[in-house]
Amino acid sequence: MIKVRAKKNLVTSHGPLCLEVDFEIPDKELITLFGPSGAGKTTILRMIAGLTDPEEGLIQVDDEIWFDSAKGINRPIQERQISFVFQDYNLFPNMTVRENLEYALKDKKDGGLIDEFLAMVHLTELRNRKPGTLSGGEKQRVALARALLRKPKIFLLDEPLSALDLELRLKLQDEISALYNRFKIPTIFVTHDLSEIFKLAHRILIMDAGKIVRSGTPGAMFGEDALSGKFKFVGNILQMDKEDFLTIVTVQIGNNLTKVVATEEEAQDWRIGDRVVVAAKAFNPIIFKI
Amino acid sequence: MNFDLNPLLLTFKLACATTLILVLIGVPLAYWVSFTRRKLKYLIEPLISMPLVLPPTVLGFYILLLFSPRSFLGNFLETVLHVKVVFTFLGLVVGSVLFSLPFMVNPIKAGFQSFPNSLIEASYALGKSRWETLLKVILPNIKPSVLTGIVMAFAHTVGEFGVVLMIGGSIPGETRTASIAIFNEAEALNYAHANFYSSILFLIAFTILFILNVINRKGLKVLS
């Protein structure tokens, strides 16, 4: 069980922000943090890791207290058994793939552990290559293997797949899912991608302006239970054209564009760039903002 | 014609000793200046760079005063530890270390400051201490900066004149380095001798800068 209660005043590109959160992660649960950029998602991961100090709060992992402002406890990052996977991989360019993994171990005698991890993320062939020569997907696999080698108490992933193209992202989602099922380490996954949430998350915390505004299962959060749609896609509004009393909304879903008709009344609160769900209920497609 | 090789050997010895000491001082100092949040660094940083703008004779003059047997420090060193600094090789090393300090520290500092903080955080996140991160992650990745510092400090020490003359004078075999020998020979109108030393220093300087360029170009390739 991981308990996080933290408060910190931040200055973001959108102005000052008071980050204040209080949540728990039961053992073996994978939760995602979802929300607009600047909502404080990365800061939460950094506070758990010990890279940023909360002004007030308590961070407890099992029965270890990592941070407690009341008692003046603040364990340095090196003493918190975390693993952090970053968006830009952060592999050490002077080390080979294998050396990057070795660096994560306390003891050089690994008893074949490194080879096992290399095989698990399909990198055995590339073990003697330097990170500079790898593709984005390969780099992130190295980073995942390196992070998990440490046998962390909590696994923190900060938009790990957002720099990859769609196809690779889907593939790595499967791999992360497989790795998670194998190790069952409590995991916090920051993402903007709904497909990642539906594929990976047990529970989702939706953040806005420094607060957790809603939480629940992905299905409950995004209306799956409330709607018996025959099909449903999430996309972004690219364009809105008014024609008489109707509005034609162009929505990007993945790499496809689709046009959906909405009434003027429905479309009046929508803006270009909004995330929407396009669903078909029986015969007529319906569209609403999320 | 018989050339005295001693000044060249002495110069080489001085440059090696100075560079070695500067690596040991320069790396920690550059690390501290780059990463500390203490205000003190705003005082230390300009002090490190002072030799870049200060006339060498000024620096030499104050070192001379500081270590003269009449000063407290010079007196203490000489009577208690029996160490003489002025007009000795040791004095040259002390002066050279201070005078070449910015040439070692500034490139390494630039290397530290341009090194991505995220890689340092990644290393800490893997449970590694600052020391291990410095040795295994930061320094190997800023090798071109460290090498630039080493080469620049070495080259600068080889070409030093003012500080050496102020602190060391011109004692053959002890403090008469190549640059001082050139001055002496030219003053005595021994142009052949002056030319001998000058041409060798010229070649050394060119070779050093040539190597430096090669290192930096390779370094850029590795990082990109």
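Nothing here was measured: the structure is a model prediction, and the numbers come from that model. Counting restarts for each chain, with residues numbered from 1 along the sequence as it is written. Labels are handed out in written order, letters beginning with A for the chains and numbers beginning with 1 for the ligands. Only residues with pLDDT of 70 or above have their local features reported here, since the model is predicted, and side-chain atom pairs are shown and tallied only from 80 upward, although totals for entire chains, interfaces and linings are computed over all residues. The side-chain numbers reported here are obtained from all heavy atoms of the structure, hydrogens and water having been left aside.

### Quick word on the side chain of A:Glu175
Labels follow the DSSP assignment, with helices taken as runs of H or I lasting at least four residues and strands as runs of E lasting at least two, numbered in each case from the N terminus. Note on placement: A:Glu175 falls in helix H5 (residues 166-183). At 3.0 Å, the side chain of A:Glu175 forms a polar contact with the side chain of A:Arg141. In protein, a polar contact means a hydrogen-donor-capable atom and an acceptor-capable atom, both N or O and within 3.5 Å, with residues adjacent in sequence counting only if both atoms are side-chain atoms; elsewhere, any N or O pair within 3.5 Å suffices.

### A word on the packing of helix H3 (residues 56-67) of chain B against helix H5 (residues 89-114) of chain B
All names here are of chain B. Fitted lines through C-alpha atoms serve as axes, helices being fitted only where they are in contact, and the angles separating the N-to-C directions of these axes extend from 0 to 180 degrees. Where H3 contacts H5, the axes come no closer than 11 Å and their chain directions differ by 135°. Here H3 is positioned oblique relative to H5, judged by the angle of their axes. Classified by chirality, the crossing of H5 by H3 is right-handed. Within the contact between the two elements, H3 uses Pro56, Leu59, Ile63 and Phe67 and H5 uses Val94, Gly95, Leu98 and Phe99. Note on residue classes: Ala, Val, Leu, Ile, Met, Phe, Trp, Tyr, Cys and Pro are nonpolar, Asp, Glu, Lys and Arg are charged, and everything else, Gly too, is polar. Classifying every residue of the contact of H3 with H5 gives seven nonpolar, one polar and no charged. An angle counts as roughly parallel when it lies under 35 degrees, as roughly antiparallel when it exceeds 145, as roughly perpendicular when it falls between 65 and 115, and as oblique in every other case. In this scheme, a crossing is called left-handed if the near helix is turned counterclockwise away from the far one by less than a right angle; it is called right-handed if the turn is clockwise. Should any heavy atoms of two residues lie within 4.5 Å, those residues are counted as being in contact.

### Remarks on unusual backbone geometry
All names here are of chain A. Unusually for a residue other than glycine, aspartate 62 sits at a positive phi of about 50°. Here aspartate 62 is to be found in the loop between strand S4 (56-61) and strand S5 (64-68). Here aspartate 62 falls in the partly exposed class, since its relative accessible area comes to 39%. Although it is not a glycine, aspartate 244 sits at a positive phi angle of roughly 50°. As for its position among the elements, aspartate 244 is in the loop between strand S12 (231-243) and strand S13 (246-253). Partly exposed describes any residue whose relative accessible area lies between the buried limit of under 20% and the exposed limit of over 50%, with all areas from a 1.4 Å probe on protein chains only and scaled to the type maximum.

### Re the sheet that holds strand S1 (residues 2-12) of chain A
All names here are of chain A. Strands are labelled as partners when DSSP assigns at least two bridges between them. Strand order in the open sheet formed by five strands is S2-S1-S4-S5-S6, and the pairing between neighbours is antiparallel. Whereas interior strands pair on both sides, the edge strands pair on one side only; in this sheet they are strand S2 (15-25) and strand S6 (73-74). Where S4 meets S5, four bridges bridge the pair, whose relative direction is antiparallel. Bridged to isoleucine 59 within S5 is phenylalanine 67.

### Focus on the pairing of strand S11 (residues 211-216) of chain A
Residues and elements named next belong to chain A. When strand S10 (residues 203-208) meets S11, the two strands line up antiparallel, connected through five bridges. Following the sheet pairing, methionine 207 is matched in S11 by isoleucine 212. Counting the residues between successive antiparallel strands, the hairpin from S10 to S11 contains two residues, one of them, alanine 209, with a positive phi of roughly 50°.

### Some thoughts on the domain arrangement of chain A
All names here are of chain A. Reported domain spans reflect what an automatic or database domain assignment gives. Domain annotation of chain A identifies domain 1 (2-222) and domain 2 (229-289). The gap between the C-alpha centroids of domain 1 and domain 2 is 34 Å. Of the residues lining the interface, five residues belong to domain 1; the matching set on domain 2 comes to four residues. Summing both partners gives a buried area of about 340 Å² for domain 1 against domain 2, and 57% of it is carried by carbon and sulfur. Each salt bridge in this description consists of a side-chain nitrogen of Lys or Arg and a carboxyl oxygen of Asp or Glu lying within 4 Å of one another. On the surface where domain 1 and domain 2 come into contact, there are zero salt bridges. By residue class, the composition of the side of domain 1 that touches domain 2 is four nonpolar, one polar and no charged. Put simply, buried area is how much 1.4 Å-probe accessible surface two parts lose in total, over both of them, once they are put together.

### Considerations on the interface of chain A and chain B
Residue-level contacts link 18 residues of chain A with 18 residues of chain B. The junction of chain A with chain B conceals about 1600 Å² of combined surface from both sides, 60% of it contributed by carbon and sulfur atoms. Summed over the three residues of chain A that lose the most area to chain B, namely A:Gln78, A:Phe92 and A:Tyr103, the buried surface amounts to 37% of that side. Counting every contact that joins chain A to chain B gives one salt bridge. The salt bridge partner of B:Glu121 is A:Arg46, with a shortest N-O separation of 2.8 Å. Along the contact surface separating chain A from chain B lie 10 residue pairs in polar contact (both at pLDDT 80 or more). Among the secondary structure elements, those contributing two or more residues to the side of chain A that touches chain B are strand S7 (82-85) and helix H2 (97-104) of chain A.

### A word on the packing of helix H1 (residues 6-35) of chain B against helix H8 (residues 143-158) of chain B
Residues and elements named next belong to chain B. Following both chains from N to C, one finds H1 and H8 inclined at 145°, their axes separated by 9 Å at the closest point. With respect to the hand of their crossing, H1 and H8 are arranged in right-handed fashion. Here Thr11, Phe12, Leu14, Ala15, Cys16, Thr18, Thr19, Leu22 and Val23 of H1 lie close against H8, whose contacting residues are Ile150, Ala153, Phe154, Thr157 and Val158. When grouped by side-chain class, the residues that make up the contact of H1 with H8 number 10 nonpolar, four polar and no charged.

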